[in-house]
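# Descriptive analysis of the structure
Chain by chain, the residues:
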Amino acid sequence: MHRNKHHPVLLAEVLTYLAPEEGQTYLDLTAGYGGHAKAILAKTKNSPAVLIDRDKSAIDYLKNQIKTKNVNLIHQDFLSASQKLLKDKTQFDLILADLGVSSPHLNTASRGFSFAIEGPLDMRMDQSQTLTAEQIVNGYSEKQLAQAIRSYGEEPKAKKIAKSIVRNRPVISSKELANIVTTAVRRRGKTHPATKTFQALRIEVNQELQQLEAALPLWLELLSPGGRIAIISFHSLEDRLVKKAFKEAGGQGYDATLKLLTKQPVTSDKNELFTNPRARSAKLRAAVKIKTRPQPVTSNRLGRKGTHAHAYSGKKQFPRL
Ligand SMILES: C[S@@+](CC[C@H](N)C(=O)[O-])C[C@H]1O[C@@H](n2cnc3c(N)ncnc32)[C@H](O)[C@@H]1O
């Protein structure tokens, strides 16, 4: 067992909404330590699957865990991997994205994701990437820092924090940064005062929202007609993007390509919250891709019944791959 075991969040709910069956193909965009993937592959009876993660340690771990020939493990970010899959004209019956960081990220001091453990200011999910949190903290202007902390952490005291960081440069460790932020915000409450700042830096280092926003429309194209997609997000900025993409594709009428399975996001029950603190902010949205669009019946001037031609022309046609 991995020393920092990752518990898959909302696993029962993911299985309910994806409803995997024998023979279905599966794309896991954030495979991590394979908690969801193993449960889904057990239901699809190891049908062809692609599991992606931008963190090499997660992929290396999975290589030892999943040895089925049908399962292709890819170390890449999900945007470039999705672009490549689309180019290859691949489609999947089941798609899952369980966004954000894994427990091993948060619990491994050397990765620098946590304000609670002394470590370097790193925060890269893909360690081959050059940009680190340390470069941002010590290299961005005060204005750039404040903007990132406000936009990606939704931190009301972003300006004050940025000022204090600049005054205390160079900032080298995660604990040092956590102390600077704590002193600057002077806030008490249930969550650690540095939570929002650490979230913001992590999102900036990994360009998480840019990745998600650009990849969402590709995922809908990668889904087979009749296929199901489930996305778990961990903060409102992510959930807003997922909600918007699903809403646009699931609109009323003949242009809809998705049918939403969750009107409101699904959250964890008390039992899961008790055993897995990461589940606290998890939100699951799921949808099914419409198989064939109904032919709207209209009558023309001669009273003949026909199809509503304009609904089938133009850009918004059901994507054919
Ligand atoms: C919450 S964990 C997934 C856990 C997994 N579902 C499980 O049950 O073990 C999120 C994973 O997504 C990966 N990840 C986050 N953003 C990514 C991206 N843009 N491209 C590829 N992988 C990403 C992270 O490296 C992390 O391993």
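Up top is the structure these notes are about.
So, here's what we can say about the structure. Since this is a predicted model, take the numbers as computed values, not measurements.

### Notes on the packing of helix α7 (residues 142-153) against helix α8 (residues 158-167)
The contact between α7 and α8 brings their axes to 8 Å, and the two run at 135°. Here α7 lies oblique to α8, going by the angle between them. Like other packed secondary-structure pairs, α7 and α8 cross with a definite hand, here right-handed. For the pair α7 and α8, contact is made by Glu-142, Leu-145, Ala-146, Ile-149 and Arg-150 and by Ala-158, Lys-159, Ile-161, Ala-162, Lys-163, Ile-165 and Val-166, respectively. Taken together, the residues of the contact of α7 with α8 sort by class into eight nonpolar, no polar and four charged.

### Quick word on the environment of Ala-39
Positionally, Ala-39 belongs in helix α2 (residues 35-44). Overall, the presence of 16 C-beta atoms within 10 Å leaves Ala-39 in the partly exposed class. Between the C-alpha atoms of Ala-39 and Leu-11, which are 28 residues apart in sequence, the distance is 8.3 Å. Those residues in contact with Ala-39 that lie beyond four places of it in its chain are Leu-11 and Leu-15.

### Let's talk about the site of the ligand
Close to the ligand lie 21 residues, the nearest being Pro-8, Thr-30, Gly-32, Gly-35 and Phe-78. Broken down by secondary-structure element, the contributors of at least two residues to the shell around the ligand are α2 and β2 (49-53). For the shell around the ligand, the residue count by class is seven nonpolar, nine polar and five charged.

### Quick word on helix α1 (residues 11-18)
All of the buried residues along α1 are Glu-13, Val-14, Tyr-17 and Leu-18. Looking straight down α1, one finds that the buried residues subtend no more than 120° of arc, so they occupy a single side. Structurally, α1 contributes buried residues whose contacts are with α2, β4 (92-98), β5 (223-233) and β7 (283-289). In the segment just after α1, Ala-19 is the residue with positive phi, at about 45°.

### Focus on unusual backbone geometry
If a residue is not glycine, its phi is most likely negative; likewise, a peptide bond is most likely trans. In this structure, the amide linkage connecting Arg-169 to the following residue, Pro-170, adopts the cis form with an omega of -5°. Here Pro-170 lies in the loop between α8 and α9 (174-185). Notably, Ala-19 is not glycine yet its phi reads approximately 45°, a positive angle. Residue position: Ala-19 is located in the loop between α1 and β1 (26-28). Of the residues examined, Ala-19 has 14 C-beta atoms within 10 Å and is grouped as partly exposed. The backbone phi angle of Asn-46 is positive, close to 55°, even though this residue is not glycine.

### Here we look at helix α10 (residues 195-206)
With twelve residues, α10 should reach 16 Å at 1.5 Å per residue; the first-to-last C-alpha distance of 17 Å fits that figure. Across the twelve residues of α10, eleven count as buried, placing the element largely inside the fold. Considered for burial, the residues of α10 that qualify are Lys-196, Thr-197, Phe-198, Gln-199, Ala-200, Leu-201, Arg-202, Ile-203, Glu-204, Val-205 and Asn-206. Along its buried surface, α10 packs onto α6 (133-139), α7, α8, α9 and α11 (208-222). Of the residues trailing α10, Gln-207 is marked for its positive phi of about 50°.

Reading guide: rules and limits
- Residues numbered from 1 in each chain as written.
- Predicted model: local features only at pLDDT ≥ 70, side-chain atom pairs only at ≥ 80, totals over all residues.
- Axes fitted to C-alpha atoms, helices over the stretch in contact; angles between N-to-C directions.
- Helix = DSSP H or I, 4+ residues; strand = E, 2+ residues; numbered from the N terminus.
- Parallel < 35°, antiparallel > 145°, perpendicular 65-115°, else oblique.
- Left-handed = near helix turned anticlockwise from the far one by under 90°.
- Contact = placed C-beta atoms within 7 Å.
- Nonpolar A, V, L, I, M, F, W, Y, C, P; charged D, E, K, R; others polar.
- Buried ≥ 20, exposed ≤ 12 C-beta atoms within 10 Å, placed from the backbone.
- Near = placed C-beta within 6 Å.
- Arc of directions from axis to C-beta.
- Expected span 1.5 Å × (residues − 1).

All quantities given are derived from atomic positions and should not be read as evidence of function.
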